[in-house]
Amino acid sequence: MDPYIVLLVGAGALILLVAWLPMALRELPLSLPMFCIAFGFAAFALSNGDRPVPSDYPHAAERLTELVVIVALTGAGLKLDRPLAWQSWRLTWRLLGVAMPLSILGIGIIGYWGLGLGLPAAVLLGAALAPTDPVLASDVQVGPPRSGEEDEVRFTLTAEAGLNDGLAFPFVNLAVALATVGLAPEDWLGHWLGVDVLWKLGAGLGAGWGIGRLLGWLTFRMPNRAKLSRTGDGFVALGATFLAYGLTEMAHGYGFVAVFVAALAMRSAERQHDYHDRLHDFAEQTERLLMMVLLVLFGGAVAGGVLEPLDWAGVAAALGFIFLVRPAAGMLSLIGTPQPMAERAAIAFFGIRGLGSFYYLAFAANAAAFPEMDRLWAVISLTVLISVGLHGVTVTPAMRWLDRRRRRQGVLPLEVA
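Our subject in this report is the structure included herewith. Just so you know, these numbers come straight off a predicted model, no measurement behind them. Sequence order sets the numbering: in each chain, residues are counted from 1 along the sequence as written. Where local features are concerned, this predicted model is filtered to residues with pLDDT of at least 70; where side-chain atom pairs are given and counted, the filter is 80 or more; whole-chain, interface and lining totals use all residues. Excluding hydrogens and water, the side-chain values take into account all heavy atoms of the structure.

### A closer look at the nonpolar core
This is how the line gets drawn: Within this scheme, the nonpolar core is defined by two criteria: the residues are buried Ala, Val, Leu, Ile, Met, Phe, Trp, Tyr or Cys, and they are joined through side-chain atoms within 4.5 Å. Burial status follows relative accessibility: with a 1.4 Å probe on protein chains alone, a residue under 20% of its type maximum counts as buried, one over 50% as exposed, and anything between as partly exposed. Elements are defined by DSSP. Helices are runs of H or I of four residues or more, strands are runs of E of two residues or more, and each kind is numbered from the N terminus. Any pair of residues with heavy atoms lying within 4.5 Å of one another is described as a contacting pair.
Ranked by size, the top nonpolar core spans 119 residues in total, and within it Leu124, Leu125 and Phe256 carry the most contacts. Take this core: its biggest share by element is 12 residues, from helix 11 (residues 275–303). Contact partners of leucine 125, with chain neighbours within four places excluded, come to Ile107, Gly111, Leu115, Leu117, Phe321, Leu376, Val379 and Ile380.

### Some remarks on the pattern of salt bridges
The condition is simple: A pair is scored as a salt bridge if a Lys or Arg side-chain nitrogen falls within 4 Å of a carboxyl oxygen belonging to Asp or Glu.
A full pass over the atoms with the stated rule returns 10 salt bridges. Linking aspartate 81 and arginine 267 is a salt bridge whose minimum nitrogen-to-oxygen distance equals 2.7 Å. Taken together, the positions of aspartate 81 in the loop between helix 3 (58–78) and helix 4 (90–114) and arginine 267 in helix 10 (residues 255–269) put the pair 186 residues apart, joining distant regions of the chain. On the basis of relative accessible area, arginine 267 is assigned to the buried category, the value being 1%. One salt bridge connects arginine 82 with glutamate 152, and the closest N-O pair in it is separated by 3.2 Å. Of this pair, arginine 82 sits in the loop between helix 3 and helix 4 while glutamate 152 sits in helix 6 (residues 152–167), and the two are 70 residues apart along the sequence. Glutamate 152 carries the same exposure label as arginine 82, and that label is buried.

### Overview of the packing of helix 7 (residues 169–181) against helix 14 (residues 355–367)
Note the cut-off: Orientation is described by axes fitted as lines to C-alpha atoms, over the contacting stretch for helices, and by angles from 0 to 180 degrees between their N-to-C directions. Roughly parallel refers to an angle under 35 degrees, roughly antiparallel to one over 145, roughly perpendicular to one between 65 and 115, and oblique to any angle outside these ranges. It is the rotation of the near helix from the far one that decides the hand of a crossing: anticlockwise by less than a right angle makes it left-handed, clockwise makes it right-handed.
At their nearest, the axes of helix 7 and helix 14 sit 10 Å apart, and the two run at 30 degrees to each other. Taken together, helix 7 and helix 14 sit at an angle that is classed as roughly parallel. Pair helix 7 / helix 14 crosses with right-handed handedness. When helix 7 is examined against helix 14, the residues Phe169, Val172, Asn173, Val176 and Thr180 are found in contact with a partner set consisting of Tyr359, Tyr360, Phe363, Ala364 and Ala367.

So this is what it looks like as structure tokens:
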């Protein structure tokens with residue numbers, strides 16, 4: 001049988017499943033990521049071919065996960081109705097400024113003392129697992145643009161996922177520096193603070209905002225008939241994603257930060273235009289297709305033995321990351337906020353881990369030598385598996401319960417500005 005024809009049949013079936021499964025699984029305690037991983041595991045376990053263990057293909061793993069993450073970041077930025085502001089984003093700032101550093105610290109301590117990792121590997125573990133994943137967190141994110149589905153829990157988790165992937169990068173680069181130049185602070189501290197923290201974050205924020213404002217003007221404000229919104233083409237979202245990411249990376253900034261900020265800036269140019277729906281829908285469909293492909297491959301990696309280096313300490317660590325570190329860090333960061341305890345608990349608990357963690361691990365593997373890399377892949381893979389299963393089963397009933405609770409109390413989402 002012609003392999004090309006088999007590939008076409010498989011691709012067609014996959015695309016149809018991407019469209020149909022979210023609707024079919026809506027009333028079940030299952031999620032699309034859970035199905036994809038299970039399907040990939042079964043398909044590769046039953047086949048006689050090679051299995052896609054990511055440590056064997058670090059460059060492919062880095063690029064594929066990078067692609068799906070930047071598309072997801074654009075989708076997250078485009079669907080946020082709430083303007084960027086200090087007060088209305090206050091819970092997000094707390095998660096970014098308090099919960100994320102505490103998560104990196106807590107995960108790193110468990111990695112160093114509990115798993116016996118070297119300091120560079122422990123820092124990498126913390127940086128890779130601290131961010132909330134923008135790809136797999138779609139079930140706890142806000143709805144499409146102008147849909148009104150922007151309560152505090154969904155908004156905070158969406159905005160956090162949009163920004164914390166880029167903010168984890170300085171700590172990933174710190175792990176790479178420790179692995180390449182040594183532990184002595186005089187060998188890495190100045191460059192890390194000046195370049196990896198200040199310059200790259202600043203360039204990501206500045207380039208993202210500038211590119212987004214320019215694209216917003218071209219899309220909605222350009223005079224006469226030349227504005228991009230008149231095309232009606234949703235793939236403009238993909239062009240904006242690649243442009244913002246590529247130009248920022250050329251300037252040695254953090255492209256993840258730039259992509260999300262550019263999407264926010266595009267949205268701010270004209271908040272009520274129908275074209276936002278087209279852009280968001282295309283980004284979401286592309287993200288879902290890429291996510292499904294990668295999770296099927298992840299299921300194949302599980303079948304191929306990515307979890308083999310695990311021991312009981314690794315299992316305990318993964319459970320601790322999910323059930324202890326993120327919830328505790330999230331709750332501590334939200335102390336003193338006016339949100340009800342149930343909403344604070346939901347924000348703290350649904351810090352979903354996913355494909356972004358794989359990206360950071362693959363990036364570091366290609367940048368430096370970590371002797372514990374196989375063990376890191378195993379621990380992070382198990383953490384993602386637990387997160388996909390646990391959060392996939394609990395997110396729908398939890399969010400529905402919160403919605404019913406808000407309706408009983410007469411609490412409505414913040415109005416679109």
